[in-house]
Amino acid sequence: IDVVFDECADNACRNHLHIALDRVVGVIHHQVVINALKNIIDALVEFKDGLLDALGIAKAHIVGNSLGGGCALRMAIERPQSVGRLVLMGPGGINTTRGLPTPGLKRLLTYYKGEGPTLEKITEFIRGDLVYDGRQVPDSIIKERFQSSIDPEVVAAPPLLGPKGIPNFKNLDFTRDPRLSKVANPTLVLWGTEDKVNRPSGGQSLQKGMPNCDLYLFSKTGHWVQWERHAEFNAVVTTFLTQETAA
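Conventions we followed
Residues numbered from 1 in each chain as written. Predicted model: local features only at pLDDT ≥ 70, side-chain atom pairs only at ≥ 80, totals over all residues. Heavy atoms only, no water. Helix = DSSP H or I, 4+ residues; strand = E, 2+ residues; numbered from the N terminus. Polar contact = N/O pair within 3.5 Å; in protein donor to acceptor, adjacent residues only side chain to side chain. Buried < 20%, exposed > 50% of the residue type's maximum accessible area, 1.4 Å probe, protein only. Pairing = 2+ DSSP bridges. Right-handed = clockwise from strand over helix to strand, strands pointing away. Axes fitted to C-alpha atoms, helices over the stretch in contact; angles between N-to-C directions. Contact = heavy atoms within 4.5 Å.

Chemist: Could you clarify how one ought to interpret the side chain of Asp177 in this entry?
Modeler: Along the chain, Asp177 turns up in the loop between helix H9 (169–172) and strand S3 (187–192). At a separation of 2.8 Å, a polar atom in the side chain of Asp177 contacts the side chain of Arg179.

If you want it as structure tokens, here you go:
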């Protein structure tokens, strides 16, 4: 949820009304904080659903990367009547309970721990874990992400710290939710083969577990498919979203 994805969405969805939730990120974070007892994905889904209701939108295509992809999938499971097509880029919550966390996910979950957020930490995470070739990421993107991460409200209640106590595995891993097989929405999963945050094998799991799921794997690509392979991303997403759904 940042300018990196926002710019890509402007291109891929140029012929659609599209709402980038990063433009109301303060409201989203406030909603998550006041729903602190809920799973963050559940809180964000509640916000998205309320936003659609407030705007009078009965159904929308949902495009999400990482945590946003997990939110999109949860929304399709919980409120299928509100969701049209799904585009998921390296979504979170896939096979998360079937192996140890990746190095990238560990760095993400510990970012606010210890000495707290630092420019050095976020630089290592973005250039070392989020993309295949860190040299391609400009300093401006890193500085913008860092400034967002040190917002006082975010620091006071970090959104991603990992589960506490005995987790509810069904809420942490979509592949353990029996309702996944009933998600009939046309779904496009895009995943970089060198993703160091969410394992690319999650793509095959979604394709096997969902009845209408197409999978596109990008070689020499990390967690930011929409940025690293933006031209192909724009082409495939535009084609997918303009297809007619069979009756």
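Chemist: What exactly am I supposed to notice about the pairing of strand S2 (residues 83–89) here?
Modeler: Each regular strand shows side chains that alternate between the opposite faces of the sheet. Taking burial as the measure, the seven residues of S2 include seven buried ones, the bulk of the element. The sheet contact formed by strand S1 (residues 60–65) and S2 spans five bridges and is parallel. Paired with Ile62 across the strands is Leu86, a residue of S2. Handedness of the S1-helix H4 (residues 67–78)-S2 crossover: right-handed. Where S2 meets S3, four bridges bridge the pair, whose relative direction is parallel. Along S3, the bridge assignment pairs Met89 with Leu190.

Chemist: Got a minute to help me understand the sheet that holds strand S4 (residues 213–218) in this structure?
Modeler: In any sheet, the strands associate via hydrogen bonds between backbone groups, in a parallel or an antiparallel arrangement. Read across the open sheet, the four strands follow the order S1-S2-S3-S4; overall the sheet is parallel. Sheet topology places S1 and S4 at the edges, where each strand pairs with a single neighbour. Direction aside, the axes of adjacent strands within the sheet are offset by 15° on average. Sheet strands in contact with H4 are S1 and S2, and its direction is about 150° off that of S2. In the packing of helix H10 (residues 201–209) onto the sheet, the strands contacted are S2, S3 and S4, and the crossing angle to S4 comes to about 165°.

Chemist: How should I be thinking about unusual backbone geometry in this particular structure?
Modeler: The residue Ser66 is not glycine, and still its phi comes out positive at about 60°. Here Ser66 is to be found in the loop between S1 and H4. Positive phi is not limited to glycine here, since Lys220 has a value of about 50°. Position of Lys220 among the secondary structure elements: in the loop between S4 and helix H11 (225–228).

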